[in-house]
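Take a look at the letters that make up each chain.
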Amino acid sequence: GRMKPVIVVHGGAGQIFKEREEGSRAGVVRAALRGYGILKQGGSALDAVEEAVRSMEDDPHFNAGCGSVLNEKGEVEMDAIIMDGKNLDSGAVSAVKCIANPIKLARLVMEKTKHMLLTDHGAHLFAQVMGIPETPGEKLITERSWDRWKKNLEPDSNPEEFQKDLGTVGAVAIDSEGNVACATSTGGLSNKLIGRVGDTACIGSGGYADNHSGATSTTGHGESIMKVVLARLILYHMEQGMSPEMAADTALDYMKTRVGGLGGVIVVNNSGEWAARFSTKQMSWATVKDDQLHYGIYAGERHTKSVDEALASESERF
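A few points on the structure. It should be emphasised that the depicted structure is a prediction, and the values quoted were computed from it without experimental measurement.

## Quick look at the pairing of strand β10 (residues 274–278)
Within a regular beta strand, the side chains point alternately toward one face of the sheet and then the other, so they alternate between its two faces. Along β10, four of the five residues are buried, which leaves the element largely enclosed by surrounding structure. Across five bridges, the pairing between strand β9 (residues 263–269) and β10 is antiparallel. Residue pairing across strands places valine 268 opposite tryptophan 274, the latter belonging to β10. Connecting the antiparallel pair β9 and β10 is a turn made up of four residues, with glycine 272 showing a positive phi of about 90°.

Rendered as structure tokens:
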């Protein structure tokens, strides 16, 4: 039978500073609506999650694509992953520079190579071969990222404080054929060591998708997420019969008690049930199912609108 399509997106877990709340809410809503538009026309889960993430990479409110944080040397280095639940194909890139949409490059790694993860210089060469235009590094850098970087260089600064405001972006979806997919993209940790790769580019940590159970995309403290292989752990709990919400909470709780790590996740299972859960203060998220849009940032916050109403106010804003 035909599945009812569902998309869920997140704009990162952590602390969303007051002045960025509205932009974060609007950004995840826009991404969810764009992804859902593809699903509604019978498009694939893969296309929907790529489009939703691309929308957030282009939005300077998020730590991905334009708006990414800077490494210790003041450069943008980005990670991204995409995965197809039908055959477990995946593509990822890590430590890429001067590219507007790392998620597009990750998709090309999946479809045009026999590999799953390309890094740094090799990813750069592959992007050239694929004809992806180069974006000057400074075009990706926002005022906010510069200020953050400079503050973190001060002798009495504590980069850890700012790293709570993470803003990885991600999406999961199920399409009308019942295929699931996930996509995740990030600029990583502020003032990170050059060449640091976090959870985002790692299959099973930054995301995982399998038609047999569902799909998930994660955000939060990358090193902690890698230690528990968070995305795969959530799907394991669903394979044991847990609901998406229960599986997400159980895995996040384990990460917190076992390694002291905080984060957030979005999940959809193969029957179209979804969840958006987090152990941090906040996580911007949005979902569309049955032509209803739901979104929030704080624990327990959930706004609901019809898609038509949301699209109408969307077009007024532009």
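## Quick word on a nonpolar patch on the surface
Among the surface-exposed residues, Met116, Leu117 and Ile203 lie close enough to one another that they form a single nonpolar patch of about 250 Å² accessible area. Tracing the backbone shows isoleucine 203 in the loop between β6 (180–186) and β7 (207–210).

## Points about the sheet that holds β6
Strand order in the open sheet formed by nine strands is β4-β3-β2-β6-β5-β1-β11-β12-β13, with mixed pairing between adjacent strands. Each edge of the sheet is formed by a strand with only one pairing partner; in this case those strands are β4 (117–119) and β13 (303–306). Geometrically, the sheet is characterised by an average inter-axis angle of 10° between neighbouring strands, direction not taken into account. Two elements, strand β2 (residues 78–84) and β6, share six bridges in a ladder whose sense is antiparallel. Across the sheet, residue aspartate 79 finds its bridge partner in β6, namely threonine 186. Strands in contact with helix α4 (residues 120–129) are β3 (89–96) and β4; relative to β4, the strand with the most contacts, it is inclined by about 105°.

## Side note on unusual backbone geometry
Residues other than glycine seldom take positive phi values, yet leucine 88 does so here, at roughly 65°. Assignment of secondary structure puts leucine 88 in the loop between β2 and β3. A positive phi is found at valine 229, a non-glycine position, where the angle reads about 45°. Secondary-structure assignment places valine 229 in the loop between α7 (222–228) and α8 (230–239).

## Considerations on the nonpolar core
By size, the foremost hydrophobic cluster in this structure holds 52 residues, and its most contacted members are Ile7, Val9, Ile82, Leu105, Ala286 and Val288. The next biggest cluster of nonpolar side chains, apart from the first, holds 33 residues, and it includes Ile174, Ala215, Val268 and Met283.

## Re the environment of cysteine 66
Residue placement: cysteine 66 occurs in the loop between α2 (45–57) and β2. Discounting chain neighbours no more than four positions away, the residues touching cysteine 66 are Glu57, Asp59, Pro60, Lys139, Leu140 and Thr142.

## What to know about empty space enclosed by the protein
Under the defined criterion, the tally for this structure stands at four cavities of 30 Å³ or more. Taken as a whole, the largest cavity encloses approximately 80 Å³ of empty space. Taken together, 13 residues make up the lining of the largest cavity; nearest its centre are Thr168, Thr186, Gly188, Arg196 and Gly220. Split by residue class, the lining of the largest cavity holds two nonpolar, eight polar and three charged.

Reading the values: the criteria
- Residues numbered from 1 in each chain as written.
- Predicted model: local features only at pLDDT ≥ 70, side-chain atom pairs only at ≥ 80, totals over all residues.
- Heavy atoms only, no water.
- Buried < 20%, exposed > 50% of the residue type's maximum accessible area, 1.4 Å probe, protein only.
- Helix = DSSP H or I, 4+ residues; strand = E, 2+ residues; numbered from the N terminus.
- Pairing = 2+ DSSP bridges.
- Patch = residues over 30% accessible without salt bridge, like charges linked within 9 Å, V, L, I, M, F, W, Y side chains within 5 Å.
- Areas by Shrake-Rupley, 256 points an atom, 1.4 Å probe, with all protein chains shown as cover.
- Salt bridge = Lys/Arg side-chain N within 4 Å of Asp/Glu carboxyl O.
- Axes fitted to C-alpha atoms, helices over the stretch in contact; angles between N-to-C directions.
- Contact = heavy atoms within 4.5 Å.
- Core = buried A, V, L, I, M, F, W, Y, C linked by side-chain atoms within 4.5 Å.
- 1 Å grid on protein atoms, 1.4 Å probe; cavity = no way out; pocket = protein on both sides within 12 Å on 5 of 7 lines; lining within 4 Å.
- Points joined across faces, edges and corners; volume = space filled by probe spheres on them.
- Nonpolar A, V, L, I, M, F, W, Y, C, P; charged D, E, K, R; others polar.

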